[in-house]
Each structure stands twice: as structure tokens, then as C-alpha cells.
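# Survey of secondary and tertiary structure
Okay, here's what each chain looks like letter by letter:
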Amino acid sequence: MTTTEDLAAALEGSRARFVAILEPLDEPVLRRQHDVLMSPLLWDLAHVANYEDLWLVRALGGEPTRAGLDDLYDAFQQPRGVREALPLLDLAGARAYGDAVRLETLRWLDAADVSPDSPTRLTRDGFVHRMVAQHEHQHAETLLAAIQLLPEAEGHVLLSSPPPPSQVTPPDEVLVPGGPFRMGSVDPGALDNERPVHEVDLPPFWIDAAPVSNGQFRTFVEEGGYDEPRWWTNAGWKWRQEAGLVAPQFWRRDGRGWARLRFGVVEALPDNEPVQHVGWYEADAYARWASRRLPTEAEWEKAALYDPDTGATRRWPWGDDDPTDRHANLGQRHLGPAPIGAYPDGVSAVGCHQMVGDTWEWTASDFRAYPGFEWFPYAEYSDVFYGPDYMVLRGSSWATDPSVGRATFRNWDFPIRRQIFAGFRTARDA
Ligand SMILES: [Fe+2]
């Protein structure tokens, strides 16, 4: 049962996280564009408020909280590369705008029918409020990816505890039986591209029981994987040449070994941690080198949620209980992935570890609509991105809030993207 109090608390939580991430940074740092791939952080701050004004105030009957800002903070009108040059609100102005919108949001929330049988589809079961809170959490993850790109001197120290140690050694791979399973979600917070639930019939396949580790990927690097065109697609090899790739982003040689830079700190590369900051082309090349392939999106979801004993699709890999810190590394509890085998209580029915949390996982699938898809509430969330240009990532990262990290959530990006918190696991036909 969705209550207005729950929805208000979800919105308060996403805002508190956003503010906490930006808090240690000075205004000139927030104002600057640090990388062509990322917005100035200050743009994100007012953008999430503007999106909230659009969907939780105006779409429910209200007037714009502040006129004249829509063009400035529309992600489609303002590609990331131009956002630094815009007459953005300053820090105090952006905060005040966010607070003003929130007051209006709460007023309209009080009057909204958020019951499961609300005649208003937008507010039914709290959909649009969940969508806006998720949007803010998705941008919070983007903030962390942008902050990770700051020069070392500006390294950003976030409060964080180390992740739990490894407790078990998963097997190399597990067999997922063939046959039909139900794919997609009916969760009240599920976004349009996760719907509708539909049956998918797959032949049996083997899939890695855990994400590919730094140690495994290091072997690929050291055995010349980046120098051997036969492991790469044509487009991938072209990109590897143009960009001069030799290892995952943030890796560097350290004497005879490897180190990695993370949030301004250089540390020895931990072999037993899932690899992150690889693009799709690198994941695909590794898989071919290992005589394997990336799993399709449907295979990934079946390995995460299908229970062969009952034939049912679970809500989470471990069952129907909401995630806790026993199950998965979600919600920015830690500032990076946990070692392989750190969450034995989060294993899926077929035996896959760390399917949600830790790192996003590239799949073999490009981003396509499910059969019977209808966009809701706007085409620019999913519909305009469908097609061969984007590859799907599944399974969320350590930086993903649990409200976004459900195993049916579909993320997508260009195959060259490496600044996101993404790794992968591999599969093969049975
Ligand atoms: Fe956005």
C-alpha cells in the first residue's frame, strides 16, 4: 500500500543524498565542466528540481514554480557539451529553486490519489512520485561518476565504510536451464521500458557465477588483449586505436603491477574485485578472448530472477525481501564494488552472485522495446533511444539506490562509455 508519507520520505531521501554529495565541493568546482561527457554539477542540481516541477507540480495541475527555466534545464535542448556556457542559476539560486519546487510538490502530493486504483494513471500507486525520486537518484549516481573524473587535487572524500570481505568462492559458472520465463516488471516503480511483462523462451546456457574480476581482466591485459585485433569487433578495434586504450579507465602501471585511481586516491589494484570502468567494446573483446560471449539481456534477467524449482520470476535475485546490506552492495553504502563472494545471502536461485549492486553489467543486447511497449509518461525517457546505437546494462552498481536497482531496471549507453560504474560477466551456449 503506497502512502503519501512514503512518497514524501522517498523524495526527501533522494534530495538529502544529492545535497550530501555536492556539499564538500566549492561553487567554482560545481560550475565548471570537468569532462565533455558530464554536465557541470550545478546544472544537475537545478535540472532535478525542474524535472520535479514538470512532473509533480505542473503535470498534477500546478503552475510553474519559476518561469523561464525549462529550456535551460531540458536535457534534450542542452547537450552536455554546452551546459557550462549557459546562464545557470548559482548555487544559492539552484538550492532555493529546489526548495520552492519541493514545497509545491508536497502541496500537490497531499491532494493526490496515490492508491493502486486511482483513476489518474500518473499518480496510481505513487508512480510519478517514484519516477521523480528515482530520477534524482539516477542523477546522484551521475554526480559520482563526474566527481570521479575530477583531477586528483580536487579528489572528493565522501564518507564511506569499506565493503564487506569475501566470504565464499563462487564456482566459475552456473547452468541456467532452458525454457520459458516471465521477463519484465509490474513493480509500481517500474519504468515504461521494463513493461509489459512477457514470456521469453531461451535455450539452456552457462553464465559466470560472478562478475569478471580485476584479476581476470588483468590477465587479458597482460596477455596482449588490447593489442590483438581478432578479439575486437571492427568498430571496437577502431575505437581502441583512436582512443589509445591499453587498460580499463583509471588503471595505471605501478612498477611491475597495477594501481588504480579512485576518488583521488591511488591504490594497488585489488584482484578479487569486479572490474569496473570498461566500455562495451572492451567487455566484448575480453569475452571473445576467453572463448565466451556476453549474455543477452534476457539471459541476464533469467539468471538473476528465475527460480527453476517453482518456475516463478522472483522480485530480487535472493527472493522477495527488500535488499539489506546482507544482500547486495547498493545505495552508495561503500565507494566501490565489494570483493567477489561478499554477498552469499544475495545469490540468485540458479547460483549467480552479485547480480544487483557492485557494478552495472554490459549485455550483448542493444536497447529495444519489449513486445507491446507503450511509452509513459513521455517518449523521451526510453522510446527515442531504442535502436542499435545503445547497448543495455543490467544489475545496477554500488552507487545505485535500491529504488532504482531492481533487477528488471534497464540502463543503456554507448559502447565506448567507460566513466560509468560498469563491468560485466560472460556466458556461453550449453
Ligand atoms: Fe535527467
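Details of the structure are given in the entry above.
## Thoughts on the coordination of the iron ion
Ideal geometry at a metal centre: 109.5 degrees between donors when four sit tetrahedrally, and 90 or 180 degrees when six sit octahedrally. Protein coordination at the iron ion: the donors are His 47 (NE2), His 135 (NE2) and His 139 (NE2), at 2.2 Å from the metal. Coordination of the iron ion draws on donor residues from a single chain, spaced H-x87-H-x3-H in sequence. With His 135 and His 139 both in helix α5 (residues 127-148), this residue pair falls four residues apart, about one helical turn. His 139 shares its class with His 135; the two are buried.

## Here we look at the packing of aromatic side chains
Summed over the entire model, instances satisfying the criterion amount to 32 aromatic pairs. Seen in terms of ring centroids, Phe 367 and Trp 412 are 4.3 Å apart; in terms of plane orientation they differ by 10 degrees. Their pairing is stacked. Placement of the pair is Phe 367 in strand β8 (residues 360-367) and Trp 412 in strand β10 (residues 411-413), with a sequence separation of 45 residues. You can call Phe 367 buried: its relative accessible area is 0%. On the accessibility criterion, Trp 412 (12% relative accessible area) is buried. Cluster of aromatic residues (ring-pair linked, three or more members): Tyr 51, Trp 55, Phe 76, Phe 367, Phe 373, Tyr 378, Tyr 381, Phe 385, Tyr 386, Tyr 390, Trp 412 and Phe 414.

## Examining the layout of surface pockets
In this structure, the largest pocket encloses a volume near 1,500 Å³. Residue lining of the largest pocket: 50 residues in total, with Ala 75, Arg 80, His 139, Phe 385 and Trp 412 positioned closest to the centre. Going through the elements one at a time, α3 (41-58), α5, β9 (387-394) and β10 are the ones with two or more residues in the lining of the largest pocket. At eight residues, α5 tops the list of elements feeding residues into the lining of the largest pocket. Here the lining of the largest pocket is composed, by residue class, of 27 nonpolar, twelve polar and eleven charged. In terms of lining residues, the second largest pocket is bounded by 29 residues, among which Asp 187, Gly 189, Arg 315, Trp 316 and Arg 406 are the most central. Put simply, the parts of the chain that give the lining of the second largest pocket at least two residues each are α1 (4-22), α5 and β2 (179-183). For the lining of the second largest pocket, the leading source of residues is α5, giving four residues. Taken together, the residues of the lining of the second largest pocket sort by class into eleven nonpolar, nine polar and nine charged.

## Observations concerning the sheet that holds strand β11 (residues 422-423)
By way of backbone hydrogen bonds, the strands of a sheet pair with one another, either parallel or antiparallel. Read across the sheet, four strands follow the order β10-β9-β8-β11 without closing on themselves; strand pairing throughout is mixed. Of all strands in the sheet, those with a lone pairing partner are β10 and β11, marking the two edges. Pairing geometry for β8 and β9, over four bridges, is antiparallel. Across the sheet, Phe 367 pairs through a bridge with Gly 387, a residue of β9.

## Side note on the side chain of Glu 52
You can see Glu 52 is positioned in helix α3. Classification of Glu 52 by relative accessible area gives buried; the value is 0%. Reaching out from Glu 52, the side chain makes a polar contact with the side chain of Arg 15 at a distance of 3.2 Å. When neighbours within four sequence positions are excluded, Glu 52 is seen to be in contact with Arg 15, Val 57, Val 101, Arg 102, Thr 105, Val 132 and Glu 136.

## Side note on the pattern of salt bridges
One pass over the structure, following the stated rule, counts 35 salt bridges. Of the charged contacts, one joins Glu 273 and Arg 262 as a salt bridge, the two residues approaching to 3.5 Å between their closest N and O atoms. Residue Glu 273 is found in the loop between β7 (265-268) and α8 (280-289), and its partner Arg 262 is found in strand β6 (residues 257-262); the two are separated by eleven residues along the sequence. Of the residues examined, Glu 273 reaches a relative accessible area of 8% and is grouped as buried. Each of Arg 15, Glu 52, Arg 102 and Glu 136 takes part in a single network of salt bridges with overlapping partners.

The rules behind the values
As a convention, each chain's residues are numbered from 1 in the sequence order in which they are written. For a predicted model such as this one, the threshold for reporting local features is a pLDDT of at least 70, and the threshold for listing and counting side-chain atom pairs is 80 or more; totals across whole chains, interfaces and linings nevertheless cover every residue. Excluding hydrogens and water, the side-chain values take into account all heavy atoms of the structure. Excluding water, the donors of a metal are its N, O and S neighbours within 2.8 Å, or within 3.2 Å for Na, K and Ca, and that exclusion means sites may look incomplete. A run of DSSP states H or I qualifies as a helix once it reaches four residues; a run of E qualifies as a strand once it reaches two. Both are numbered from the N-terminal end. Under the scheme applied here, a residue whose accessible area is under 20% of the maximum for its type counts as buried, over 50% as exposed, and between as partly exposed, the area being computed with a 1.4 Å probe on protein chains only. For this analysis, a ring pair means two rings from Phe, Tyr or Trp (six-membered ring only for Trp) whose centres lie within 6.5 Å, classed as stacked if their planes differ by under 30 degrees, edge-to-face if by over 60, and tilted for the remaining angles. A pocket, in this scheme, is an open set of points on a 1 Å grid over the protein atoms alone with protein on both sides within 12 Å along at least 5 of 7 lines, while a cavity is a set where a 1.4 Å probe fits but cannot get out; residues line either one if an atom lies within 4 Å of a point. Grid points are joined across faces, edges and corners, and a volume is the space filled by probe spheres set on the points. Side-chain classes are defined by residue name, with Ala, Val, Leu, Ile, Met, Phe, Trp, Tyr, Cys and Pro counting as nonpolar, Asp, Glu, Lys and Arg as charged, and the others, Gly among them, as polar. When DSSP finds at least two bridges between two strands, those strands are taken to pair. In the analysis that follows, any N or O atom pair within 3.5 Å is treated as a polar contact, provided that within protein one partner can donate a hydrogen and the other can accept it, and provided that, for residues neighboring in sequence, both atoms belong to side chains. Residue contacts follow a heavy-atom distance rule, with two residues in contact if any of their heavy atoms lie within 4.5 Å. One speaks of a salt bridge when a side-chain nitrogen belonging to Lys or Arg is within 4 Å of a carboxyl oxygen belonging to Asp or Glu.

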